[in-house]
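# What the coordinates show
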Amino acid sequence: MKIKLNDLCKRFTSGEQVLENISYQEEFKSLAIIGPSGGGKSTLLRILGGLIMPTSGEVAFDEKTVTYTEKELLKHRRNIGFVFQSKGLFNHLTGKENIMLPLVHVHGYQKKEAEKVAVGLLERFNLGDDGGKFPSELSGGQQQRIAIARAMAIKPRLLLLDEPTSALDPELTSEVLDMVKELQDDGQNIILVTHEMGFAKKACDKIIFLVNGRLMEAGESPSLFSDPQTPELSGFLSKILEWKV
Amino acid sequence: MMTIKKLFIRDGEGKITVLQTAVNLLLALTAFIVFFSFSLKRLGLDLDFSFLFTFRYRLFQGFGATILLSLTSLVLSLLIGGFTAFGNRSHILPVSYLSKVYVQFIRGTPMIMQVYLFFYIIGTAWGVSNRFIAGVLILSIFEGAYISEIIRGSLESIESTQLEAAKAVGLDNRQTMRLIVFPQIMKRTLPSLAGQFASIIKDSSLLSLISLIELTQTIREISSTNFAIFECYIFLGFLYLSLTFPISMATKYLERKFSYEN
Ligand SMILES: Nc1ncnc2c1ncn2[C@@H]1O[C@H](COP(=O)(O)OP(=O)(O)O)[C@@H](O)[C@H]1O
Ligand SMILES: [Mg+2]
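Keep in mind that what you see is a predicted model, and the values were worked out from it rather than measured. Numbers given for residues are sequential positions, taken from 1 along each chain in its written order. Chain letters and ligand numbers both follow the written order, the letters beginning at A and the numbers at 1. Reporting of local features is limited, given that this is a predicted model, to residues whose pLDDT is at least 70; pairs of side-chain atoms are given and counted only at 80 or more, and all residues count toward the totals for whole chains, interfaces and linings. Where side-chain values are given, they derive from all heavy atoms of the structure, hydrogens and water being excluded.

This part is about the site of ligand 1. Residue and element names in this part refer to chain A. Around ligand 1 lies a shell formed by Phe12, Ser14, Val18, Pro36, Ser37, Gly38, Gly39, Gly40, Lys41, Ser42 and Thr43. Counted as a polar contact is a pair of N or O atoms within 3.5 Å, where, for protein atoms, one must be capable of donating a hydrogen and the other of accepting one, and residues adjacent in sequence contribute only when both atoms are in side chains. Contact between ligand 1 and glycine 39: an oxygen atom at 3.2 Å from a main-chain N or O atom of the residue. At 2.9 Å, a backbone N or O of lysine 41 approaches an oxygen atom of ligand 1. Accessible surface area values rest on a Shrake-Rupley calculation with a 1.4 Å probe, where residue burial reflects the displayed protein chains alone. Contact with the protein chains covers 56% of the free accessible surface of ligand 1, which is 560 Å². The dominant element in the shell around ligand 1, judged by the number of residues it contributes, is helix H1 (residues 41-48), at three residues. Residues are labelled near a given molecule or strand when at least one of their non-hydrogen atoms is within 4 Å of it. Secondary structure counts use DSSP, requiring at least four H or I residues in a row for a helix and at least two E residues in a row for a strand, with both numbered from the N terminus.

Encoded structure:
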């Protein structure tokens with residue numbers, strides 16, 4: 001998939017500039033957004049997913065510019081899967097109902113068909129026994145995997161994930177990343193914000209590095225890690241890898 | 001010695017056994033009754049409730065009127081409370097401030113003042129002469145403000161992630177309300193709303209001030225003819241308890257039920 005960002009800026013009504021003149025153009029299968037926290041990663045991902053509007057600038061996927069009006073964004077969001085850091089499941093619905101709700105109410109499925117899709121996905125990702133449970137009864141890892149299943153149920157053109165593992169206990173991280181990897185191998189287009197540098201390096205083909213709202217560095221996956229061009233990136237990588245075994 | 005002490009002391013985990021409940025409840029009730037009868041003894045009174053039987057028809061009517069009044073007011077105050085709770089958060093500022101002023105005024109003033117004010121000024125000026133309708137309106141306007149706060153509280157307790165997730169899966173605003181917000185606040189407000197219903201029943205007694213013939217007014221009228229004030233008001237207390245006690249049990253049940261699910 002092709003992505004093109006043209007001079008993208010975001011300023012919230014309350015404060016300073018969160019994204020400053022981001023321009024970027026690339027063809028990717030899996031794009032990882034990395035950088036220190038507060039750097040604007042989530043904000044950028046929300047703009048790409050049509051959840052918030054940029055202050056100025058342009059976003060295009062496969063040469064089609066996203067129109068930032070409420071009506072067009074509704075359509076845009078319906079083609080995209082979005083997974084949040086945590087608590088993205090509707091907590092009054094069971095896992096299965098979470099997957100069914102968008103299918104029935106947004107994508108016009110009959111209840112029966114939606115249930116079939118939901119059960120199929122739950123089984124595929126070894127969540128068969130958890131579909132009947134409420135989010136509060138599930139582990140963080142199970143919640144995230146169901147959230148990913150819900151996002152995938154609509155067969156999105158693009159799957160966006162905002163630090164899907166950062167709220168998890170370390171031993172649960174790999175079950176979620178394994179699932180993301182499986183989707184990548186199936187050819188799913190993915191943009192992922194992550195602090196899991198190993199995953200970004202091995203499983204993603206393109207990386208962008210965001211600091212203080214600026215795009216500091218961008219490049220191909222393994223080489224960007226072995227050969228950082230900016231002192232900011234080398235500093236960031238050494239800091240984040242300091243205590244890795 | 002230890003075992004006797006155990007009967008009266010909550011254990012470290014805060015659990016209470018059935019036996020503890022029975023013994024202590026009985027003890028509390030006995031203390032209450034002893035104190036009451038002792039006070040009556042001092043007054044040299046012998047209670048005789050038998051005359052109430054002759055008023056059974058009027059009492060039954062008054063009881064029915066209180067139930068009808070409370071149920072109607074419950075429905076209306078839910079509507080008022082719901083609209084003003086959402087109104088409070090409206091992007092249209094006049095609506096927001098209207099809701100805020102309403103809630104603040106009603107909750108900040110005693111009901112007795114509102115009963116007189118609304119009945120004599122507004123009721124007369126706008127020609128609401130039917131006492132029952134006036135009573136329902138006054139009670140609903142009063143309780144609506146409290147219900148408004150209950151609903152607003154639970155609206156605020158809905159996590160922003162829930163709304164963002166609704167947006168992300170492509171729900172529009174109305175679907176978000178119907179499929180996400182409404183079911184979530186239902187669960188959270190149901191126990192408090194049940195409790196508020198008990199308040200409505202009790203507060204409806206103040207409408208006797210405008211001579212609306214409900215339960216309290218019926219008793220007032222009966223006691224003013226025979227001066228059996230103690231019998232009348234003790235019996236009145238039991239009648240209200242017979243309504244509010246089941247509701248209070250239901251509230252507890254709902255609280256427990258939903259605390260597990262969330
Ligand atoms: N809704 C918002 N309103 C105001 N400021 C915000 C909002 N969301 C994020 N910010 C600010 O924008 C900056 C970038 O945040 P974010 O995109 O979440 O960074 P990251 O995901 O890289 O940690 C932070 O300083 C944050 O406080
Ligand atoms: Mg973030």
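Further notes follow.
This part covers the pattern of salt bridges. A side chain of one charge can pair with a side chain of the opposite charge if their charged atoms are brought near each other. When a carboxyl oxygen of Asp or Glu lies within 4 Å of a side-chain nitrogen of Lys or Arg, that pair is called a salt bridge. Enumeration according to the criterion identifies 17 salt bridges over all chains in this entry. Linking lysine 2 of chain A and glutamate 63 of chain A is a salt bridge whose minimum nitrogen-to-oxygen distance equals 3.8 Å. A residue pair is termed long-range when its members are at least 10 positions apart, and lysine 2 of chain A in strand S1 (residues 2-11) and glutamate 63 of chain A in the loop between strand S4 (56-61) and strand S5 (64-65) qualify at 61 residues. Partly exposed describes any residue whose relative accessible area lies between the buried limit of under 20% and the exposed limit of over 50%, with all areas from a 1.4 Å probe on protein chains only and scaled to the type maximum. Looking at glutamate 63 of chain A, the relative accessible area reads 63%, which means it is exposed. As a salt-bridge pair, glutamate 164 of chain B and arginine 46 of chain A come within 2.6 Å of each other at their nearest N and O atoms.

On to the packing of helix H7 (residues 160-168) of chain B against helix H8 (residues 173-203) of chain B, then. Residue and element names in this part refer to chain B. Only C-alpha atoms enter the line fits that serve as axes; for helices the fit covers just the stretch in contact. Angles between N-to-C directions range over 0 to 180 degrees. Viewed as axis vectors pointing N to C, H7 and H8 meet at an angle of 160 degrees, and their least axial separation amounts to 10 Å. Classed by the angle they form, the pair H7 and H8 counts as roughly antiparallel. When the axes of H7 and H8 are compared, the crossing they make is right-handed. Residue-level contacts link Gln162, Leu163 and Ala166 of H7 to Thr176, Ile180, Val181 and Gln184 of H8. By the convention adopted, Pro, Cys, Tyr, Trp, Phe, Met, Ile, Leu, Val and Ala count as nonpolar, Lys, Arg, Asp and Glu as charged, and the other residues, Gly among them, as polar. Classifying every residue of the contact of H7 with H8 by side-chain character gives four nonpolar, three polar and no charged. Here roughly perpendicular refers to angles of 65 to 115 degrees, roughly parallel to angles under 35, roughly antiparallel to angles over 145, and oblique to all remaining angles. Crossings are sorted by hand: turned counterclockwise from the far helix by less than a right angle, the near helix makes the crossing left-handed, and turned clockwise it makes it right-handed. Contacts between residues were defined by any pair of non-hydrogen atoms, one from each residue, lying within 4.5 Å.

Let us now look at the nonpolar core. The set of buried Ala, Val, Leu, Ile, Met, Phe, Trp, Tyr and Cys residues whose side-chain atoms join them within 4.5 Å is what this entry labels a nonpolar core. Grouped together as the largest cluster of nonpolar side chains are 46 residues, with contacts concentrated most on Ile34, Ile99, Ile148, Leu159, Leu161 and Ile207 of chain A. Broken down by element, this core gets its largest block of residues, seven residues, from helix H5 (residues 140-153) of chain A. For this core, the two domains that each supply at least three residues are domain 1 (1-50 + 158-245) and domain 2 (80-156) of chain A. In contact with isoleucine 99 of chain A, other than residues within four places in its own chain, are Ala118, Leu121, Leu122, Ile146, Ala149, Arg150 and Ala153 of chain A. The next biggest cluster of nonpolar side chains, apart from the first, holds 41 residues, and it includes Ile22, Leu44 and Val66 of chain A together with Ala166 of chain B. For each domain, the first and last residues come from an automatic or database assignment.

It is worth spelling out the sheet that holds strand S9 (residues 206-211) of chain A at this point. Residues and elements named next belong to chain A. Think of it this way: DSSP has to see at least two bridges between two strands before they count as a pair. Ordered in space as S6-S7-S8-S3-S9-S10, the six strands form an open sheet in which the pairing is mixed. Two strands bound the open sheet, and with one partner strand each, they are strand S6 (80-83) and strand S10 (214-220). Within this sheet the neighbouring strands show an average axis-to-axis angle of 15 degrees, counted without direction. As paired strands, strand S3 (residues 30-34) and strand S8 (residues 190-193) are joined by four bridges and run parallel to one another.

Each partner contributes residues to the interface: chain A has 22 residues there, and chain B has 22 residues. Across the interface of chain A and chain B, roughly 2,000 Å² is buried in total on both sides, 55% from carbon and sulfur atoms. The interface formed by chain A and chain B holds one salt bridge in total. At the boundary of chain A with chain B, the tally comes to 11 residue pairs in polar contact (both at pLDDT 80 or more). Accessible area, probed at 1.4 Å, shrinks when two parts are joined; the buried area is that loss added up over both.

In this section: the domain arrangement of chain A. How big an interface is tends to be reported as the loss of accessible area on association of its parts. All names here are of chain A. As far as domains go, chain A holds domain 1 (1-50 + 158-245) and domain 2 (80-156). Placing a centre on the C-alpha atoms of domain 1 and another on those of domain 2 gives a separation of 25 Å. Facing 23 residues of domain 1, the contacting portion of domain 2 comprises 20 residues. The junction of domain 1 with domain 2 conceals about 1,900 Å² of combined surface from both sides, 66% of it contributed by carbon and sulfur atoms. At the boundary of domain 1 with domain 2, the tally comes to three salt bridges. Arginine 124 serves as the salt-bridge partner of aspartate 186, at 2.6 Å between the closest nitrogen and oxygen. At the boundary of domain 1 and domain 2, one finds 12 residue pairs in polar contact (both at pLDDT 80 or more). Elements supplying a minimum of two residues to the side of domain 1 that touches domain 2: H1, strand S7 (158-162) and helix H6 (170-185).

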